[in-house]
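What the coordinates show
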Amino acid sequence: MSAKVQVQTTINNEPVEFLCEPRQSLLECLRDVVGLTGTKEGCGDGNCGSCTVKLGDRIVTSCLVLGVEANGESITTVEGLAHGNTLHPLQKAFLEHAALQCGICTPGFLIAADALLQKHPQPTEEQTRFWLANNLCRCTGYDKIIRAVQAAATEITTTKSNGAAQ
Amino acid sequence: MSTTYNVIGTRPVRHDGADKVTGRALYGADLQLARMIQGAILRSPHAHARILRIDTSKAEALPGVYAVVTAADFPPAPADKIVDFGEGDTPLSSLRGNILASGKVLYSGHAVAAVAAVNAHVAAEAAALIEVDYEPLPCVLTAPEAMAPGAPILHEEFANGNVADQIRYEMGDLAAGFAQATLIVERELDTATVHQGYIEPQNATAFWSSDGRIHIWCSTQGSFVARDATAAVLDVPVSQVKVTPMEIGGGFGGKINVYLEPVAALLSKKAGRPVKLVMSRRDVFTGTGPTPGSRVRVKIGVNDAGKITAAQSWLAYEAGAYPGAMVVPGAMTVFACYDIENVLIEGFDVVVNKPSTAAYRAPGAPNSALATETVLDEIAEKLGIDPLELRLRNAAKEGTRRADGPRYKRIGCVEVLEAMKASPHYNAPLPGPHCGRGVAIGFWFNAGLPSSATLSVNADGTVNLIEGSTDIGGSRTSLSMQAAEVLGLRAEDIHPTVVDTDSVGYTGVTGGSRTTFSTGLAVHDAAQMVVEQMKARAARLWAVEAVEFANGVFSANGQSLTFAELAAQLGSTGGPVSCSATVNPKGVGGSIAGLIIDVKVDPETGKTDVLRVTSVQDAGKAIHPAYVEGQMQGGTAQGIGWALNEEYFMDNSGDMRNGSYLDYRMPTALDLPMIETVIVEVPNPGHPFGVRGVGEANIVPPLAACANAIYRATGKRLNRVPMNPATILGL
Ligand code: FES
Ligand code: FES
């Protein structure tokens, strides 16, 4: 066992300090050290996307990032998507479109899709499929996930333009 | 005659939805307990070897290590003990043997020892310090090789070498049937070993308490089966084990068997602490049960009218290290969609040096349907008949007898074929050159098995539902909807909870497409009891003999109370109402599924692009159509991955060379188009709402449908799945 390192971060808009071993991944730190188990581990080697979180302004597979690399960074996990008890439009769309079956891939898809919609507010089906190709889902065949993301995109842009018009 | 429902057929938001989109839902690996430590498993690098010596002393001496176990830590039991926990008789030695090897290792990835330590990193370091001396033995990796004379033998005690079991189904007069045929086509097709690919790796946490009780928290399709198997492996009474099912991240049949639960329990007993074991992705590929690779021959004869006169099949399935290759369902389903008089089916369950296989969505059926449905495609082409029309001329109907014995009750084969024929997809032109359209159909039995449920009425007019079926894909909701329908409530008035094995009556696995059917029946029956008891309360209140109940309102003599109004008065009319039902239903209804698929094959690279897909399935009655569509889309996507790309790529030494998601390469969002669905509803007379179960039949047609589409695109009839670029280009 090696000496632990202190890491200072902002997680879901709150300052969080934790101690971790240099070999611990960010995923492990989030789940086992900080206790945020909403981010899931499906493979541990960057190939399933279920551990996707936002680190700074990009999305990463947190199993491939070391906890110590997050020092000074701001992180968003699935636990930080909703505003209090109000679900994010993506979360609502996933429920309304039955875009999850077992739900283990859902946190990763939500974070990845949120980043997609920030970059492309009205993505085409092709853009959506390309962006989400790093997130594996074995239950749904993706159909309802793609539809949910597109519905959320429409919902967000309509709400925004209504807001702007008023 | 069609029944109108208030709740059934609608699409409410699932009850566990908010927890699952916010990250609050607790899956097995999310569990944290006070004083909990973590474990690691040491696995065999050899596909076949004798274990000469295991020395755990260095691992035990590593600081931070609490316990090390091997097969020697299983309590002594008679060598020939047989156990049966509802899945058929299994020798205890093979059940234990797959969990921790003793004597020999039989596949690369076979668990040999386990360590529990202060954290998973230290446990992994310690596992690497365990010394095992092996005497490597020659290995055998495919069924045809394992059946050949002189093949290396896995289990010396078996009477027939590596053939663990043989079956034979015979009906009519095969020779006479083939003599009537004017066209006979025979083909032999191989399929590779593939994995269910659930995204959540197996995990189990156990605490063996000082009072002797063992508490297990795990990701399982069946908490009672996990309990019973763990008890059998550890040779303790079932009442000594309590299983709390955590949320489950996919299973598809692969999370019925136990791998980690007994090991975590043994480690916990030694360490005196709760022990958590979580598999790595490579462990999942190499140490759990994939579905069998196979070789299947099918020979079919038809007359000029396109009527099948005889059909014959020979099937050899790779069981992996221990018997149980699902060749029986493969053989039972090979001609299950058709009405054929003269049939001979022979099946062989063959052990090979690969992981011991497990169920995977309609286990055994996709392998055999591949052969039948491609042979029929060839026959349709040669006769110049539309491939759906050929199937319609031979479709199984009510009263059709299968070669393995049973006659069908009402079955939706014709309806599914008609729906395929009428679909917009089937009537649309293909988009251009190098494109092809394939069709295929498939059958799956669906299962019954026991289920239990309890309903308790709350004073505010809602109802708590306690059940034991682990919820893999929305079953809390499909069950709540059935309760709501009977009680005249809304789906959201029912609060479902999946509980541990101490807290509900026996409930079989979430598998065999049975949960909405069987647990649904338990819920339905309990709800009817609630209605009867509530009627009695209303009768007492109104001092009348008979009370009517319809659409959520109790009434008699012009007086009426809604369900909620009466629920508020239960306290003053005799106390709370709660009712339980346990069922063991017999009226299972089989399901037929069909697939239409358009592909484009690049003649230079051999890469197949999927252009359009339509999945058609007889649901009996779709309780929650969105989740029925989800099952159809999911099964179709898995079937396409199986058909086009997935396989265990083993080297000659039996080592899996693609044991990661990167290299195993399941379909991504970019590999698939939208998956159109057509739900056919031919009600199952054995269920009050007509439910058949929809989880599995949808994976049966894709292998053959893809093969047929590739043929139409390339003119090549391939004899091997996966039909990847190398196979297509003949490399
Ligand atoms: S767990 Fe990080 S990508 Fe799979
Ligand atoms: S919903 Fe199960 S993996 Fe996506």
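Quick look at the structure, then. No experiment lies behind these values; they were computed from the predicted model shown. (Residues numbered from 1 in each chain as written. Chains lettered and ligands numbered in written order. Predicted model: local features only at pLDDT ≥ 70, side-chain atom pairs only at ≥ 80, totals over all residues. Heavy atoms only, no water.)

1. With respect to the overall build of chain B
This is how the line gets drawn: Working definition: helices are DSSP H or I runs of at least four residues, strands are E runs of at least two. Numbering for both runs from the N terminus. As defined in this context, the radius of gyration uses C-alpha atoms, and a globule is described by 2.2 Å times the residue total to the power 0.38. Only heavy atoms enter the contact rule, under which two residues are in contact if any of them lie within 4.5 Å. In this count, Lys and Arg are taken as positive residues and Asp and Glu as negative ones, while His and the chain termini are left out. By convention, the charge on Lys lies at NZ, on Arg at CZ, on Asp at CG and on Glu at CD.
Per the secondary structure count, chain B includes 20 helices and 29 strands. Rg of the C-alpha trace for chain B: 27 Å, near the compact-globule value of 27 Å for 731 residues, within the 12% margin. With the C-alpha coordinates of chain B rotated into their principal frame, the extents come out at 80 × 75 × 45 Å. Across chain B, every contact between residues at least 6 apart in sequence was considered, and the portion connecting residues at least 24 apart equals 80%. Taken as two groups, the 59 positive and 74 negative side-chain charges of chain B have centres that lie 1 Å from each other.

2. Some points on the overall build of chain A
Stated precisely, the cut-off is as follows: Relative accessibility decides the category of a residue: with a 1.4 Å probe and only protein chains considered, values under 20% of the type maximum give buried, values over 50% give exposed, and everything between is partly exposed.
Within chain A one finds five helices and five strands. The linear arrangement of helices and strands in chain A, starting from the amino end, is β-β-α-β-β-β-α-α-α-α. Reported as C-alpha extents along the three principal axes, the dimensions of chain A are approximately 55 × 40 × 25 Å. The buried share among the 166 residues of chain A stands at 55%.

3. Some words on helix H13 (residues 413–422) of chain B
Residue and element names in this part refer to chain B. Threshold: Here, the arc refers to the directions that run from the helix axis to the C-beta atoms.
Taken together, the buried positions of H13 are occupied by Cys 413, Val 416, Leu 417, Ala 419 and Met 420. End-on view of H13: buried residues confined to an arc of 160°, all on one side of the axis. The secondary structure elements touched by the buried residues of H13 are helix H12 (387–394), strand E18 (435–444), strand E26 (591–601), strand E27 (608–618) and strand E28 (675–680).

4. Brief notes about the sheet that holds strand E23 (residues 553–556) of chain B
All names here are of chain B. Going by this rule: In short, DSSP must find at least two bridges between two strands for them to pair. The axes are straight lines fitted to the C-alpha atoms, using for helices just the contacting stretch, and the angles between their N-to-C directions are given from 0 to 180°.
Strand order in the open sheet made by the three strands is E22-E23-E24, with antiparallel pairing throughout. Unpaired on one side and paired on the other, strand E22 (548–550) and strand E24 (559–562) mark the two borders of the sheet. The average angle at which neighbouring strand axes cross in this sheet is 20°, direction not considered. As paired strands, E23 and E24 are joined by four bridges and run antiparallel to one another. Paired with Ala 556 across the strands is Gln 559, a residue of E24. Across the face of the sheet, helix H15 (residues 515–542) comes into contact with E22, E23 and E24 while running at roughly 40° to E23.

5. Considering the interface of chain B and chain A
The criterion, for reference: By definition, the buried area sums, over both parts, the 1.4 Å-probe accessible area that each loses when the two are put together. Salt bridge criterion: a side-chain nitrogen from Lys or Arg within 4 Å of a carboxyl oxygen from Asp or Glu. Polar contacts, as counted here, are pairs of nitrogen or oxygen atoms within 3.5 Å of one another; within protein the pair requires one atom able to donate a hydrogen and one able to accept it, and residues that are adjacent in sequence qualify only if both atoms are side-chain atoms.
Each side of the interface is counted separately: chain B has 58 residues, and chain A has 48 residues. Of all residues in chain B, Val 21, Ile 199 and Met 674 of chain B bury the most surface against chain A, accounting for 18% of the area lost on that side. On inspection of chain B and its partner chain A, the count reaches five salt bridges. Here Lys 40 of chain A makes a salt bridge to Asp 30 of chain B, at a shortest N to O gap of 2.4 Å. The tally of links from chain B across to chain A stands at 26 residue pairs in polar contact (both at pLDDT 80 or more). Put simply, the parts of the chain that give the side of chain B that touches chain A at least two residues each are helix H1 (17–22), helix H4 (120–129), helix H17 (625–644) and helix H18 (661–664) of chain B. The biggest single contributor to the side of chain B that touches chain A is H17 of chain B, with nine residues.

6. Considering the environment of Asn 557 of chain B
As for its placement among the helices and strands, Asn 557 of chain B is situated in the loop between E23 and E24. Taking the relative accessible area as the measure of exposure, Asn 557 of chain B reaches 68% and is therefore exposed.

7. Let's talk about unusual backbone geometry
Going from Val 721 of chain B to Pro 722 of chain B, the amide bond is cis rather than trans, its omega being 10°. When you line up the elements, Pro 722 of chain B lands in the loop between strand E29 (720–721) and helix H20 (725–729). Its identity as a non-glycine residue notwithstanding, Ala 98 of chain A has a phi of 55°, on the positive side. Mapping Ala 98 of chain A onto the fold places it in the loop between helix H2 (89–96) and helix H3 (106–119).

8. Quick notes on the pattern of salt bridges
All names here are of chain B. Per the counting criterion, the structure on display carries 56 salt bridges over all chains. For Lys 354, the salt bridge identified is with Glu 318, shortest N-O distance 2.9 Å. Of this pair, Lys 354 sits in the loop between strand E17 (343–351) and helix H11 (365–383) while Glu 318 sits in strand E16 (residues 308–320), and the two are 36 residues apart along the sequence. Since its relative accessible area comes to 9%, Lys 354 is described here as buried. Note that Asp 493 is salt-bridged to Arg 490, the shortest N-O span being 2.8 Å. Overlapping salt bridges bring together Arg 187, Asp 377, Glu 378, Glu 381, Lys 382, Arg 712 and Arg 717 as one network.

9. Points about the packing of aromatic side chains
Rules: Classification of ring pairs uses Phe, Tyr and Trp, with its six-membered ring standing for Trp, and accepts pairs whose centres are within 6.5 Å; under 30 degrees between planes counts as stacked, over 60 as edge-to-face, and the remaining range as tilted. Throughout this description, the term charge over a ring refers to an Arg CZ or Lys NZ atom that lies within 6 Å of the ring centre and within 35 degrees of the ring normal.
Overall, the coordinates contain 14 aromatic pairs over all chains when judged by the stated rule. Between Phe 109 of chain A and Tyr 142 of chain A the ring centres are 6.3 Å apart and the planes differ by 55°, which places this aromatic pair in the tilted class. Taken together, the residues span a long stretch of sequence, with Phe 109 of chain A in helix H3 and Tyr 142 of chain A in the loop between helix H4 (125–131) and helix H5 (143–165) at a distance of 33 residues. The class of Tyr 142 of chain A is buried, set by a relative accessible area of 1%. Ring centres 4.9 Å apart and planes at 70° place the aromatic pair Trp 444 of chain B and Phe 445 of chain B in the edge-to-face group. Residue class for Trp 444 of chain B comes out buried when judged on its relative accessible area of 7%. Aromatic ring contacts, followed pair by pair, group Phe 285, Tyr 648, Tyr 661 and Tyr 664 of chain B into a single cluster. In this structure, Arg 297 of chain B packs its charged tip against the face of Trp 314 of chain B, placed 4.4 Å from the ring centre. Above the ring of Tyr 711 of chain B, the side-chain terminus of Arg 717 of chain B is found at 3.6 Å from the ring centroid.

10. Some details on the packing of helix H7 (residues 223–234) of chain B against helix H8 (residues 261–271) of chain B
Residue and element names in this part refer to chain B. Rules: Relative orientations are named as follows: roughly parallel for angles under 35 degrees, roughly antiparallel for angles over 145 degrees, roughly perpendicular for angles from 65 to 115 degrees, and oblique for any other angle. Helix crossings get a hand from a simple test, with the near helix turned counterclockwise from the far one by less than a right angle marking a left-handed crossing and a clockwise turn marking a right-handed one. When residues are grouped by polarity, Ala, Val, Leu, Ile, Met, Phe, Trp, Tyr, Cys and Pro land in nonpolar, Asp, Glu, Lys and Arg in charged, and all others, Gly among them, in polar.
One way to put it is that H7 packs onto H8 with a least axis distance of 9 Å and a crossing angle of 55°. The angle between H7 and H8 falls in the class oblique. The chirality of how H7 crosses H8 is right-handed. In this structure, H7 uses Thr 230, Val 233 and Leu 234 to contact H8, whose residues at the interface are Glu 261, Pro 262, Ala 265 and Leu 266. Counted by class, the contact of H7 with H8 contains five nonpolar, one polar and one charged residues.

11. A few points about the pairing of strand E4 (residues 58–61) of chain A
Where strand E3 (residues 52–55) of chain A lies against E4 of chain A, four bridges are found, and the strand directions are antiparallel. If you follow Leu 55 of chain A over to E4 of chain A, its bridge partner there is Arg 58 of chain A.

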